[in-house]
Amino acid sequence: MTASNAKKATAQASAPAASGYRSLSMPMRYLINTVLVVIFLVVGEAAIDGGLVSRYQTGVIEQIGIYIIMAVSLNIATGYLGQLPLGHAGFMSVGGYSCAIFIMRMMDVVGVTARDFTTGTPAAVMLFVAGLIFGGIMAALCGLIIGIPALRLKGDYLAIITLGFAEIIRVVMQNIDSVLGFELTGGQKGLTGIPSYTNFLNTFIVVAICLFLIHTMMKSRHGRAILSIRDNEIAAESCGVNITYYKTLAFVVSAFFAGVAGGLYAGCIGVMAPSKFGFMKSVEILVMVVLGGMGSMLGSVISATVLTILPEALRAVADYRMVVYAVVLILVMIFRPEGLMGSYDFSMSRVIERLLNHGKSYEEYLDEQNAALENGGAVAVEAAAADAGPSKGGDA
């Protein structure tokens, strides 16, 4: 059988198998995910309102959400695009400063007080949303400025130049007040007096929206183009993929979501200091991506959660907590070098589909059906040969 005939036979064999597999429609998939998100949100709010979670623990949960956005957004450039930027903390700082300054300057204009963010008045909610978007846009602009020249490089060279740009951003935040002649970022002491506009509810909603947007983008044709660059840049370019455009797109989108996370971080911590966004912050976020698995959104979520909780849980042994933290990372890299989840992404819809099909995935179901068709074809050929044999012998 020729290659074309083999492909045709495979396609024909796959058709009945696909039609026999019980799968969920796309609206049903979105409905299931929405229900899960609502359940988590209701349970979390009930635990906080019921006093089961302290204010300190709520702050840690908010930081978990912030670092989930940071890790998943960096995964766009590192795991999906296959590049190695080390300037994510710089985008986080730009988004955080921009969002905090915007909200602080606009509070008097729109008549919003710090208490309004706690009670959640419509004006405060609109100002919060506008501040996050503004912070994300400013970070995206920095990502565009940095990405166009930087993404012409690869590997270690890209890491070095993005690290240099992140340090430039940090130094600018420290000294821009003396250049402008008025207080904007607070200089070395940092920006203080930021209202506490970040809480569990809006952090959870922003995290859910960011994960949905990133997942949707990576499932679109733009996401497939980005993945093709990671797999083989030369082959992707030969197939008509605009390498420069999609590299820059991934970098800018990654910076945008880092800026959104920075905006949440400013409202959670209450103080924005340039020293918080140095080289080690970028490395910390990169560790979350590598530990969870390059290209795995679920892996980034799990690793961001674990690496945010672990230092807090080890405060009782403050002298040794960073040693324990480092040992955990070393052990994971030794025994699981591809990361906790590798490239796997969990899907509740796939779990439900397996249950509907007696524990079989679509691929397993397809393989079984194809094997049955091949065995049936072989039996038919043998039967035909057996029938033809005696008749030929009789003619002879």
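The shown structure was predicted, so the numbers you read here are calculated from the model rather than taken from an experiment. (Residues numbered from 1 in each chain as written. Predicted model: local features only at pLDDT ≥ 70, side-chain atom pairs only at ≥ 80, totals over all residues. Heavy atoms only, no water.)

### Description of the overall build of the chain
The helix and strand tally for the chain stands at 16 helices and zero strands. Buried residues in the chain amount to 42% of all 396 residues. Accessible area for the chain stands at about 20600 Å²; split by element, carbon and sulfur atoms hold 67% of it. (Helix = DSSP H or I, 4+ residues; strand = E, 2+ residues; numbered from the N terminus. Buried < 20%, exposed > 50% of the residue type's maximum accessible area, 1.4 Å probe, protein only. Areas by Shrake-Rupley, 256 points an atom, 1.4 Å probe, with all protein chains shown as cover.)

### Let's talk about the nonpolar core
Counting 83 residues, the largest nonpolar core has Ile69, Phe117, Tyr197, Val206, Ile226 and Met272 as the members making the most contacts within it. Broken down by element, this core gets its largest block of residues, 14 residues, from helix α11 (residues 243-269). Ignoring sequence-local partners within four residues, the contact set of Phe117 consists of Ile103, Met107, Val112, Ala124, Leu127, Phe128, Pro195, Ser196, Tyr197 and Asn199. (Core = buried A, V, L, I, M, F, W, Y, C linked by side-chain atoms within 4.5 Å. Contact = heavy atoms within 4.5 Å.)

### Thoughts on the environment of Arg354
Within the fold, Arg354 resides in helix α15 (residues 348-356). On the accessibility criterion, Arg354 (34% relative accessible area) is partly exposed. As for Arg354 and Arg22, which are separated by 332 residues in sequence, their C-alpha atoms are 8.8 Å apart.

### Examining the packing of helix α3 (residues 55-80) against α11
It is at 8 Å that the axes of α3 and α11 come closest, and there the two elements cross at 170°. The orientation of α3 with respect to α11, classified from their angle, is roughly antiparallel. On α11, the residues touching Gly59, Glu62, Gln63, Ile66, Tyr67, Ile69, Met70, Ser73, Leu74, Ile76 and Ala77 of α3 are Ala250, Phe251, Val253, Ser254, Phe257, Ala258, Ala261, Leu264, Tyr265, Cys268 and Ile269. (Axes fitted to C-alpha atoms, helices over the stretch in contact; angles between N-to-C directions. Parallel < 35°, antiparallel > 145°, perpendicular 65-115°, else oblique.)

### Some words on a nonpolar patch on the surface
A surface patch of nonpolar side chains, amounting to about 920 Å² of accessible area, comprises Val317, Tyr320, Val323, Val324, Val327, Val328, Ile330, Leu331, Ile334 and Phe335. Turning to its location among the elements, Ile334 is positioned in helix α14 (residues 321-335). Judged by relative accessible area, Ile334 falls into the exposed class, the value being 53%. (Patch = residues over 30% accessible without salt bridge, like charges linked within 9 Å, V, L, I, M, F, W, Y side chains within 5 Å. Salt bridge = Lys/Arg side-chain N within 4 Å of Asp/Glu carboxyl O.)

### Some points on the packing of aromatic side chains
Counted under the stated rule, the structure contains eight aromatic pairs. An angle of 25° between the planes, with centres 5.1 Å apart, marks the rings of Phe102 and Phe134 as stacked. Remark: Phe134 occurs in helix α6 (residues 122-150) and Phe102 occurs in helix α4 (residues 88-110); sequence separation between them is 32 residues. Taken together, Phe117, Phe128 and Tyr197 form an aromatic cluster joined through their ring pairs. (Phe/Tyr/Trp six-rings, centres within 6.5 Å; stacked < 30°, edge-to-face > 60°.)

### A short note on the pattern of salt bridges
One pass over the full model with this rule turns up five salt bridges. Residue Glu167 is joined to Arg170 by a salt bridge in which the shortest nitrogen-to-oxygen separation is 2.8 Å. On the criterion of helical spacing, the pair formed by Glu167 and Arg170 is a turn pair, its members being three residues apart in helix α7 (residues 155-180). Owing to a relative accessible area of 24%, Glu167 belongs among the partly exposed residues under this scheme. For Arg170, a relative accessible area of 21% translates into the label partly exposed. Linking Glu233 and Lys247 is a salt bridge whose minimum nitrogen-to-oxygen distance equals 3.4 Å. Taken together, the residues span a long stretch of sequence, with Glu233 in helix α10 (residues 233-238) and Lys247 in helix α11 at a distance of 14 residues. Judged by relative accessible area, Lys247 falls into the buried class, the value being 4%.

### Some details on helix α13 (residues 297-313)
Taking 1.5 Å of rise per residue, the 17 residues of α13 would be expected to cover 24 Å, and the 24 Å separating its terminal C-alpha atoms lies within 8% of that figure. The N-terminus of α13 is capped by Ser296, whose side-chain oxygen sits 3.0 Å from the backbone nitrogen of Gly299. (Expected span 1.5 Å × (residues − 1). Polar contact = N/O pair within 3.5 Å; in protein donor to acceptor, adjacent residues only side chain to side chain.)

### Some remarks on the packing of helix α8 (residues 200-219) against α11
Relative to each other, α8 and α11 sit at 175°, their axes nearing to 11 Å. As summarised for this structure, α8 and α11 are arranged roughly antiparallel, according to the angle between their axes. For the pair α8 and α11, the contacting residues are Asn202, Thr203, Val206, Cys210, Leu213, Ile214 and Met217 in the first and Val253, Phe257, Val260 and Leu264 in the second.

### Quick word on the environment of Pro85
For Pro85, the position within the fold is in the loop between α3 and α4. Measuring from C-alpha to C-alpha, the distance between Pro85 and Leu163 comes to 7.4 Å, with 78 residues separating the pair along the chain. Sequence-distant contacts of Pro85, defined by excluding residues within four places in its chain, comprise Leu74, Ala77, Thr78, Leu158, Thr162 and Phe251.

### What about the side chain of Ser254?
Here Ser254 is to be found in helix α11. Using a relative accessible area of 2% as the deciding quantity, one classes Ser254 as buried. A distance of 2.7 Å separates the side chain of Ser254 from the backbone oxygen of Ser73, its partner in a polar contact. Beyond its immediate sequence surroundings of up to four residues, Ser254 is in contact with Ser73, Leu74, Ile76, Ala77 and His88.

### Here's the deal with the confidence of the model for the chain
For the chain, mean pLDDT is 82; residues scoring 70 or higher make up 85% of the total. Scored below 50 in pLDDT, residues 1-18 shows twelve contacts in the model against residues more than four places distant or in partner chains. (pLDDT = per-residue confidence, 0-100.)

### Some details on the environment of Ser300
Counting through the fold element by element, Ser300 comes out in helix α13. With 14 residues separating them along the chain, Ser300 and Leu286 place their C-alpha atoms 9.9 Å apart. Excluding residues within four positions of it along the chain, Ser300 makes contact with Ala71, Val72, Asn75, Val289 and Gly292. Of the polar contacts made by the side chain of Ser300, one reaches the side chain of Asn75; its length is 3.0 Å.

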